[in-house]
Amino acid sequence: MLAVETFQLTKIFGRRKITALSDLSISVEKGRIYGVLGPNGAGKTTLIKILLGILFPTSGSANILGQPINKVRIKKKIGYLPENHRYPDFLKGGEILDYFARLAGVEKKRRMENKARLLKLVGMEKWEQTKLKKYSKGMLQRLGLAQAMINDPEILFLDEPTDGVDPIGRKEIRDILLHLKDAGKTIFLNSHLLSEVEMICDEVAILDKGKLMRTGTVTELTTPSKTFRFETSRVSKEVIDGIEKYSLQCEPHNGFIQVTVSGQKKLNAIIDHLRSHKVDIKSIIPHKQSLEESFIEILTKDIQS
Ligand SMILES: Nc1ncnc2c1ncn2[C@@H]1O[C@H](COP(=O)(O)OP(=O)(O)O)[C@@H](O)[C@H]1O
Ligand SMILES: [Mg+2]
């Protein structure tokens, strides 16, 4: 059974007919960290809000754990950390967790157990009795994660959980998310921070202007296997000119040559060519694009086409 599945979800807002989502179909397997990436306004928050029943789709449908999203009982199995959440800051950390646990209908004994366990998990046990106005952004987000987990959900929906958090705070949040994944939770994560997503997501969907541009594992989106770095001894201009015959692109750099080829045969031809000119090949490394480079490529292709 899939954790989340959407079928041609479309959302058009208001009289100005802003298309926030357009025919979006995705599926998320259980136990995974699934990242939805996209620039501001791409439709990420709209998607989460539809899945949670806060907004209704203009057309299309979606399931959570095999049930249509309009079934109320599914809400017991989900946790949600909204984007830019604002908890009343005159309350203490422990009071917030209590309050949300009551809203979710968690009975007293489990509420107390979960509160203690989750405060520990997010490293906030010392701050239970401190008012939120004293918390940093990272602490508020960690408390937010505990809030989202207070009803023991199977799936967590997190909207920009690391936005505005400093690098150490981000690492702490990433570690908590990996821990939750190990505990079998499914995590649905919206982010515009590519490097974050790259570090923890099993699978990624790239959205732009409400449209699904690509999905795949981070490896699939970041490894164009056709570009290689040859680390070699000094290479003359003539030899470089020779490589150009076999390659789509050849760029000599300081200490290495970056070559893009159409396939294995061409790669071998380049190796033969270099060896026949007595060039020492120290290494050949497939060049891995960062997710950011792939992302920009995917988005700008759309503009060009
Ligand atoms: N309640 C709303 N009414 C009208 N337009 C909206 C509303 N919510 C979002 N939008 C528009 O829908 C698009 C997608 O927004 P959103 O889902 O918030 O994107 P993201 O979370 O990726 O930044 C944007 O153009 C935004 O202005
Ligand atoms: Mg958003």
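Along each chain, numbering runs from 1 in the same order as the chain's sequence is written. To read the labels, note that chains go from A and ligands from 1, taken in the order they are written. Two thresholds apply to this predicted model, a pLDDT of at least 70 for residue-level local features and 80 or more for giving and counting side-chain atom pairs, whereas whole-chain, interface and lining totals are computed over all residues.

A.B. asks: How would you summarise the site of ligand 1 if you had to cite specific residues and measurements?
C.D. replies: Using a C-beta atom placed from the backbone, a residue is scored as near a molecule or strand whenever that atom is within 6 Å of it. Near ligand 1 the following residues occur: F13, G14, I18, A20, G38, N40, G41, A42, G43, K44, T45 and T46. Numbering of helices and strands starts at the N terminus; helices are DSSP runs of H or I of at least 4 residues and strands are runs of E of at least 2. Looking at the shell around ligand 1, the elements with two or more residues in it are β2 (18-24) and α1 (44-52). In terms of residues, the shell around ligand 1 owes the most to one element, α1, which gives three residues. Amino acid classes used here: Ala, Val, Leu, Ile, Met, Phe, Trp, Tyr, Cys and Pro are nonpolar; Asp, Glu, Lys and Arg are charged; the rest, including Gly, are polar. For the shell around ligand 1, the residue count by class is four nonpolar, seven polar and one charged.

A.B. asks: I'd like to hear about the environment of L143, residue by residue, with values.
C.D. replies: Along the chain, L143 turns up in helix α4 (residues 137-149). For the pair L143 and A183, spaced 40 residues apart in sequence, the C-alpha separation works out to 19 Å. Two residues form a contact once the distance between their C-beta atoms, set from the backbone, is within 7 Å. Those residues within four positions of L143 in sequence are excluded, and the remaining contacts are G93, I96, V122, M124 and Y135.

A.B. asks: Quick one: what's the story with the domain arrangement of the chain, residue by residue and with numbers?
C.D. replies: All the domain ranges listed were derived from an automatic or database domain assignment. Taken domain by domain, the chain comprises domain 1 (2-221) and domain 2 (225-287). On a C-alpha basis, the centres of domain 1 and domain 2 stand 45 Å from each other.

A.B. asks: I'd like a description of the environment of G41, backed by residues and values.
C.D. replies: Here G41 shows up in the loop between β4 (33-37) and α1. Here exposure depends only on C-beta density: within 10 Å of a residue's C-beta, 20 or more other C-beta atoms make it buried, 12 or fewer make it exposed, and intermediate numbers make it partly exposed, the C-beta atoms being placed from the backbone. For G41, a count of 15 C-beta atoms within 10 Å puts it in the partly exposed group. Spatially, the C-alpha atoms of G41 and T215 are 19 Å apart, while their sequence positions differ by 174 residues.

A.B. asks: Which residues make up the packing of helix α8 (residues 237-246) against helix α9 (residues 264-276), and what values do they have?
C.D. replies: Running from amino to carboxyl end, α8 crosses α9 at an angle of 160°, the nearest separation of the two axes being 9 Å. One finds that α8 runs roughly antiparallel with respect to α9. Handedness of the crossing formed by α8 with α9: right-handed. Residues V239, G242, I243 and Y246 of α8 pack against K266, A269, I270, H273 and L274 of α9. Fitted lines through C-alpha atoms give the axes, limited to the stretch in contact for helices. The angle between two N-to-C directions lies from 0 to 180 degrees. Our angle categories are set so that under 35 degrees counts as roughly parallel, over 145 as roughly antiparallel, 65 to 115 as roughly perpendicular, and the remainder as oblique. Should the near helix be turned anticlockwise from the far one by less than a right angle, the crossing is left-handed, and should it be turned clockwise, the crossing is right-handed.

A.B. asks: I'd like a description of the packing of helix α2 (residues 93-103) against helix α3 (residues 108-121), backed by residues and values.
C.D. replies: Direction vectors running N to C along α2 and α3 enclose 135°, while the axes themselves pass 10 Å from each other. If you check the angle between α2 and α3, you find them oblique. The way α2 lies across α3 gives a crossing that is right-handed. Across the interface between the two elements, G94, L97, D98 and A101 of α2 pack against R111, N114, K115 and L118 of α3. The residue makeup of the contact of α2 with α3, split by class, is three nonpolar, two polar and three charged.

A.B. asks: Explain unusual backbone geometry residue by residue, including any values.
C.D. replies: Unusually for a residue other than glycine, D23 sits at a positive phi of about 50°. Residue position: D23 is located in strand β2. Phi at K209 is positive, roughly 45°, even though this residue is not glycine. Position of K209 relative to the elements: it lies in the loop between β10 (203-208) and β11 (211-217).

A.B. asks: Can you explain the sheet that holds strand β13 (residues 249-252)? Please cite residues and give values.
C.D. replies: When DSSP finds two or more bridges between two strands, those strands count as paired. With antiparallel pairing, four strands are arranged side by side in an open sheet as β13-β14-β12-β15. Both edges of this open sheet fall to β13 and β15 (281-286), since each of them pairs with a single strand only. Across the sheet, the axes of successive neighbouring strands diverge by a mean angle of 20°, strand direction being ignored. Here five bridges tie strand β12 (residues 227-232) to β15, and the two strands are oriented antiparallel to one another. From the neighbouring strand, T232 faces β15, where its bridge partner is I281. Across the sheet, α8 lies against β13 and β14 (256-260), angled at about 155° from β13, the strand it touches most.

A.B. asks: Can you explain the environment of K133? Please cite residues and give values.
C.D. replies: Counting through the fold element by element, K133 comes out in the loop between α3 and α4. The spatial distance from the C-alpha of K133 to the C-alpha of L37 is 31 Å, given a sequence separation of 96 residues.

A.B. asks: Residues and numbers for the pairing of β2, please.
C.D. replies: Alignment of strand β1 (residues 2-13) against β2, held across four bridges, turns out to be antiparallel. Its bridge partner being in β2, K11 is matched across the sheet by L21. Taken together, β1 and the strand that follows it, β2, pair antiparallel across an intervening segment of four residues, in which G14 is found at a positive phi of about 60°.

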